[in-house]
Amino acid sequence: MPIESEIRDYYDQGREAGRLSDGPGLLEQIRTRELLARLLPPAPAVVLDVGGGPGAYAVWLAELGYTVDLLDPVPRHVEEAKTASRSSTVAADPLHSATVGDARDLPVADASVDAVLMLGPLYHLTEPDDRALALREAHRVLRPGGVLLAVGISAFASTIDGIGASHLASEEFAEIVAEDVATGRHRNPSNVPGWFTTAYFHRPDEFAAEVAAAGFEADGPFAIEGPGGATAAMAELLDGGATQERALAAIRRIEREPSLLGASAHLMVLGRPH
């Protein structure tokens, strides 16, 4: 079951490697790692990182002592993840494996892993049946007591980004934004850089409901970036010191505030199998 060609073409340009190293991506990385550290079972647990991209989280978790297998539908990402693992300065090639795979058909035995990460697949599976299948697959491979950590993009992310980055100066982007809010279906038919690629954007309550419908007790969503992801000055606050901690504490304080969830570009839901 291949991914849509425009998604594959988008990532074949190497857009993902390095995305989390600065700007809004850096905040996304810091907060995602913070939530993973809080919500995952302790190492050494077995983690399946589905749609793990170039390995930004898989390699980090493997360095922390987790047994991590990465799957991604984009061969370029798998090779980048292997390179990142071999380049680790913390441990010798810590990833257990990195292979091409599909979230809807996991090549993993029933009840064989302690945690499944789906930090990207659910917003690139644009049909609800495909998302439901991927979530059922996660449920199938989890051991009793295991956890799913799934991430979606907010239905309002492009609205906020369009205002903050002045993309709404374009009538075409304004039409994309209107469609995102109305239906959740995001398209970028002109392949304009900075306008992302084909995806499904969730409303917060809808996202948690999809996880629950697959047989999980759903907890969340948690806002990953919160309103900070749309703030141009956010990068200045991520100084690695006291200023950064104050900024993160402010986001942490409102990470579950219902009235603000949709203002976060990315949302995380914790699922525990019934």
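Residues numbered from 1 in each chain as written. Predicted model: local features only at pLDDT ≥ 70, side-chain atom pairs only at ≥ 80, totals over all residues. Heavy atoms only, no water.

Asks: Tell me what's going on with the pairing of strand β1 (residues 46-50), and back it up with residues and numbers.
Replies: With four of five residues buried, β1 is to be regarded as a mostly interior element. Sheet analysis places β1 next to strand β2 (residues 67-72), joined by five bridges and oriented parallel. Its bridge partner being in β2, Val50 is matched across the sheet by Leu71. In this view, the connection linking β1 to its parallel neighbour β2 by way of helix α3 (residues 56-63) has right-handed handedness. Across four bridges, the pairing between β1 and strand β4 (residues 113-118) is parallel. Directly across from Leu48, in β4, lies its bridge partner Val116. (Buried < 20%, exposed > 50% of the residue type's maximum accessible area, 1.4 Å probe, protein only. Helix = DSSP H or I, 4+ residues; strand = E, 2+ residues; numbered from the N terminus. Pairing = 2+ DSSP bridges. Right-handed = clockwise from strand over helix to strand, strands pointing away.)

Asks: I'd love a proper account of the pattern of salt bridges, names of residues and values included.
Replies: All told, the structure shown has 21 salt bridges when counted by the stated rule. Glu34 serves as the salt-bridge partner of Arg31, at 2.4 Å between the closest nitrogen and oxygen. One end of the pair is Arg31 and the other is Glu34, both in helix α2 (residues 23-39) and three residues apart, which spans about a single turn. In this pair, the class of Arg31 matches that of Glu34, namely buried. Glu245 is the partner of Arg252 in a salt bridge, and the nearest nitrogen-oxygen pair spans 3.0 Å. Under the relative-accessibility criterion, Glu245 is labelled partly exposed at 39%. Where salt bridges share partners, they join Arg31, Glu34, Arg38, Glu245, Arg252 and Glu255 into one cluster. (Salt bridge = Lys/Arg side-chain N within 4 Å of Asp/Glu carboxyl O.)

Asks: Hey, could you go over the side chain of Asp114 for me, with residue numbers and the actual values?
Replies: Within the secondary structure layout, Asp114 lies in strand β4. Polar side-chain contacts of Asp114 include one of 2.8 Å to the backbone nitrogen of Val46. Polar contacts involving the side chain of Asp114 include one to the side chain of Arg143, which spans 3.1 Å. Beyond its immediate chain neighbours, meaning those up to four positions away, Asp114 contacts Pro41, Ala45, Val46, Leu142, Arg143, Gly146 and Val147. (Polar contact = N/O pair within 3.5 Å; in protein donor to acceptor, adjacent residues only side chain to side chain. Contact = heavy atoms within 4.5 Å.)

Asks: If you had to explain the nonpolar core to someone new, which residues and values would you point to?
Replies: Core analysis: the biggest nonpolar cluster contains 36 residues, and Leu36, Leu40, Leu61 and Met268 have the highest contact counts within it. Elements represented by at least two residues in this core include exactly α2, α3, β2, α4 (75-86), β4, β5 (142-154), β7 (199-202) and β9 (266-273). Broken down by element, this core gets its largest block of residues, six residues, from α3. Not counting residues within four places of it along the chain, the set of residues in contact with Leu61 comprises Leu36, Leu40, Val47, Tyr66, Val68 and Leu117. In terms of nonpolar packing, the next biggest core, distinct from the first, is built from 27 residues, Val50, Leu125, Leu142 and Phe216 among them. (Core = buried A, V, L, I, M, F, W, Y, C linked by side-chain atoms within 4.5 Å.)

Asks: Give a description of the packing of α2 against α3 that names residues and reports values.
Replies: Between α2 and α3, whose axes approach to 11 Å, the crossing angle comes to 45°. Relative to α3, α2 is oriented oblique. In the packing of α2 onto α3, the handedness of the crossing is right-handed. Contacts between α2 and α3 involve Glu28, Gln29, Thr32, Arg33 and Leu36 on the former and, on the latter, Ala56, Tyr57, Trp60 and Leu61. Tallied by class, residues from the contact of α2 with α3 come to five nonpolar, two polar and two charged. (Axes fitted to C-alpha atoms, helices over the stretch in contact; angles between N-to-C directions. Parallel < 35°, antiparallel > 145°, perpendicular 65-115°, else oblique. Left-handed = near helix turned anticlockwise from the far one by under 90°. Nonpolar A, V, L, I, M, F, W, Y, C, P; charged D, E, K, R; others polar.)

Asks: Go over helix α1 (residues 5-12), please, and point to the residues and values.
Replies: Taken as a whole, α1 has its buried residues at Ile7, Tyr10 and Tyr11. The arc that holds the buried residues of α1, viewed along the axis, is 90°, so those residues lie on one side. Buried residues along α1 sit against α4 and α5 (121-124). At the exit of α1 stands Gly14, carrying a positive phi of roughly 75°. (Arc of directions from axis to C-beta.)

Asks: So what's going on with α4? Which residues, and what values?
Replies: An ideal rise of 1.5 Å per residue puts 16 Å on twelve residues; α4 measures up with 17 Å between its terminal C-alpha atoms. What α4 keeps buried is the set His77, Val78, Glu80, Ala81 and Ser85. Axial view of α4: buried residues confined to an arc of 165°, hence all on one face. Buried residues along α4 sit in contact with α1, α3, β2 and β3 (97-100). (Expected span 1.5 Å × (residues − 1).)

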